Amino acid sequence: VAITTRLLVSHLSGIRHYEKDVAKVKEEKEKANRAFKLTKPYQDKEQKEEGGEGIEKTDSVKPRKEHEGEVKSRNSKPGKRDKEFEQEEYYLKEKFGSVIESLKIFKNDPLFFKPGDQFLYSTYGFTLLSAVVERASGQKFTDYMLKMFHDLDMLSTVLDDNEAMIYNRARCYVYNKKGRLVNAPYVDNSYKWAGGGFLSSVGDLLKFGNALLYSYQAGQFKNTNDKLLPGYLKPDTVAMMWTPVPKTEVSWDRDGKYAMAWAVVEKKQQCGCCRQQRHYASHTGGAVGASSVLLILPEELDSEAIDTGLVAPPRGVIVTIICNMQSVSLNSTALKIAREFDKEKWAR
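Calculation notes
Residues numbered from 1 in each chain as written. Predicted model: local features only at pLDDT ≥ 70, side-chain atom pairs only at ≥ 80, totals over all residues. Heavy atoms only, no water. Helix = DSSP H or I, 4+ residues; strand = E, 2+ residues; numbered from the N terminus. Buried < 20%, exposed > 50% of the residue type's maximum accessible area, 1.4 Å probe, protein only. Contact = heavy atoms within 4.5 Å. Areas by Shrake-Rupley, 256 points an atom, 1.4 Å probe, with all protein chains shown as cover. Phe/Tyr/Trp six-rings, centres within 6.5 Å; stacked < 30°, edge-to-face > 60°. Core = buried A, V, L, I, M, F, W, Y, C linked by side-chain atoms within 4.5 Å. Pairing = 2+ DSSP bridges. Axes fitted to C-alpha atoms, helices over the stretch in contact; angles between N-to-C directions. Salt bridge = Lys/Arg side-chain N within 4 Å of Asp/Glu carboxyl O.

Caption draft 1: Region of the structure containing the overall build of the protein chain. Within the protein chain one finds 10 helices and nine strands. Counting only residues that meet the buried cut, the protein chain has 45% of its 348 residues in that class. Considering only contacts in the protein chain between residues 6 or more positions apart, those separated by 24 or more positions represent 68%. In the structure as shown, the protein chain presents an accessible area of about 18700 Å², 53% of it carried by carbon and sulfur atoms.

Caption draft 2: Examining the environment of Ser251 more closely. With respect to the secondary-structure elements, Ser251 resides in the loop between helix 8 (235–241) and strand 5 (257–258). Relative accessible area serves as the criterion here: at 7%, Ser251 is assigned to the buried category. For the pair Ser251 and Ala263, spaced 12 residues apart in sequence, the C-alpha to C-alpha distance is 9.9 Å.

Caption draft 3: Geometry of the packing of aromatic side chains. Applying the stated criterion across every chain, the model contains nine aromatic pairs. Ring centres of Phe119 and Tyr258 lie 5.4 Å apart, and the angle between their planes is 50°; this geometry places the pair in the tilted category. Of the two residues, Phe119 sits in the loop between helix 3 (99–102) and helix 4 (123–137) while Tyr258 sits in strand 5, which places them 139 residues apart along the sequence. Assessed through its relative accessible area of 1%, Phe119 is described here as buried. What makes Tyr258 buried here is its relative accessible area of 0%. Arranged with centres 5.9 Å apart and planes meeting at 75°, the rings of Trp242 and Trp262 form a pair that is edge-to-face. Note that Trp242 is positioned in the loop between helix 8 and strand 5 and Trp262 in the loop between strand 5 and strand 6 (263–265), a separation of 20 residues in sequence. With a relative accessible area of 5%, Trp262 lands in the buried category. Three or more aromatic residues joined by ring pairs make a cluster, and in this case those are Tyr18, Tyr90, Tyr91, Phe106, Tyr124 and Tyr191.

Caption draft 4: Representation of the nonpolar core within the structure. The biggest cluster of nonpolar side chains holds 41 residues, and the ones touching the most others in it are Tyr124, Leu212, Trp242, Trp262 and Ile296. Mapped by element, the contributors of at least two residues to this core are helix 1 (5–9), helix 4, helix 5 (141–151), helix 7 (202–218), helix 8 and strand 8 (290–298). Beyond its immediate chain neighbours, meaning those up to four positions away, Ile296 contacts Gly209, Leu212, Leu213, Trp242, Trp262, Tyr280, Ala281, Val317 and Ile318. Counting residues in each nonpolar core, the second largest holds 12 residues, with Val265, Leu297, Val319 and Ala338 among its members.

Caption draft 5: Spotlight on the sheet that holds strand 9 (residues 316–323). Across the sheet, five strands lie side by side as 5-6-7-8-9; this open sheet has antiparallel pairing. In this open sheet, the two strands that pair with only one neighbour each are strand 5 and strand 9. Set on the sheet, helix 7 makes contact with strand 8 and strand 9; between it and strand 9 the angle comes to about 150°.

Caption draft 6: Quick peek at the pairing of strand 8. Most of strand 8 sits inside the fold, with seven of its nine residues counted as buried. Of the pairings in the sheet, the one linking strand 7 (residues 280–287) to strand 8 comprises seven bridges and is antiparallel in character. Its bridge partner being in strand 8, Thr284 is matched across the sheet by Val293. The hairpin turn running from strand 7 into strand 8, its antiparallel successor, is two residues long, and Gly289 in that turn takes a positive phi close to 90°. Where strand 8 and strand 9 come together, eight bridges link them in antiparallel fashion. Note that in strand 9 the partner of Ser292 across the bridge is Ile322.

Caption draft 7: Local environment of the pattern of salt bridges. Scanning all chains against the criterion turns up 13 salt bridges. Residue Lys95 pairs with Asp188 through a salt bridge whose shortest N-O separation is 3.9 Å. With Lys95 in the loop between helix 2 (22–49) and helix 3 and Asp188 in the loop between strand 3 (181–183) and helix 6 (193–196), this pair connects stretches of sequence that are 93 residues apart. What makes Asp188 buried here is its relative accessible area of 5%. A salt bridge links Glu340 to Lys343; the nearest nitrogen and oxygen atoms lie 3.2 Å apart. Here Lys343 and Glu340 lie together in helix 10 (residues 331–347), a separation of three residues that amounts to about one turn.

Structure representation (structure tokens):
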């Protein structure tokens, strides 16, 4: 079979996640689909009731799991253990010298399906992707990423290296079997730098979101008299990254699809004065003892703003939350915050 980088970045490669038993993965998916069918009538009813507001309501059904990022975290009560974190490979303590070396963890395992046929979130797919970046760039993956973070002025974003002295590094926490808050266990993330191996701050993630949003919108503005600097990425590149990919899924929002490392909800309205979907992109994640989200809600630019060039990108709302606690679902909270700021802006 052939596995492309596009399949890797959209989680269509067939490479396993932490669960090695394909039968268990299929069983979990079937359970999740049955649960969704049971709750869908209530979701549809609430969406109809909210239809006149002009913005979709996606929080009427609690998420089954959030695929984005390092953990498919449940929208659970504090103290409830997440089965996801019962997988032993989350707690590896071996230090790998390179991403090529870390491929040995899964490189001899069978694929779960033919590449391109199904969606399965896979951290190891991103480990392989980082090896591709390393070979293509001729640099260590970690060096390549740290240079990129430096270019983006993300000076607080570093490797999650246990030995290094990192200023303001937070302690991380988990709930034990008795539901008590305890310190997170020691782990070494060198086997998955690309899938959960960096530490960052709220300020740095906002810079990252602004850089993406600027790049996405920079090509839309006209008559700027060449005063508008180019984005870090080409507008078409970000548009491609935020274009939903067929056969993918986003479990917490059935309006969404997975794109290239981002979950995306597209703009859509079928009838006047009825339910409207706003375009947004988000990425949630977590690891042992931590959870996070970065959500980008681009402003819907009118023709006057685009033609006159009186405003400059980035235009929209960016929300990021970092929590030093394991298995905290944050996407719905981030979306509510983004909508409130968006609502206030239009009210003014």
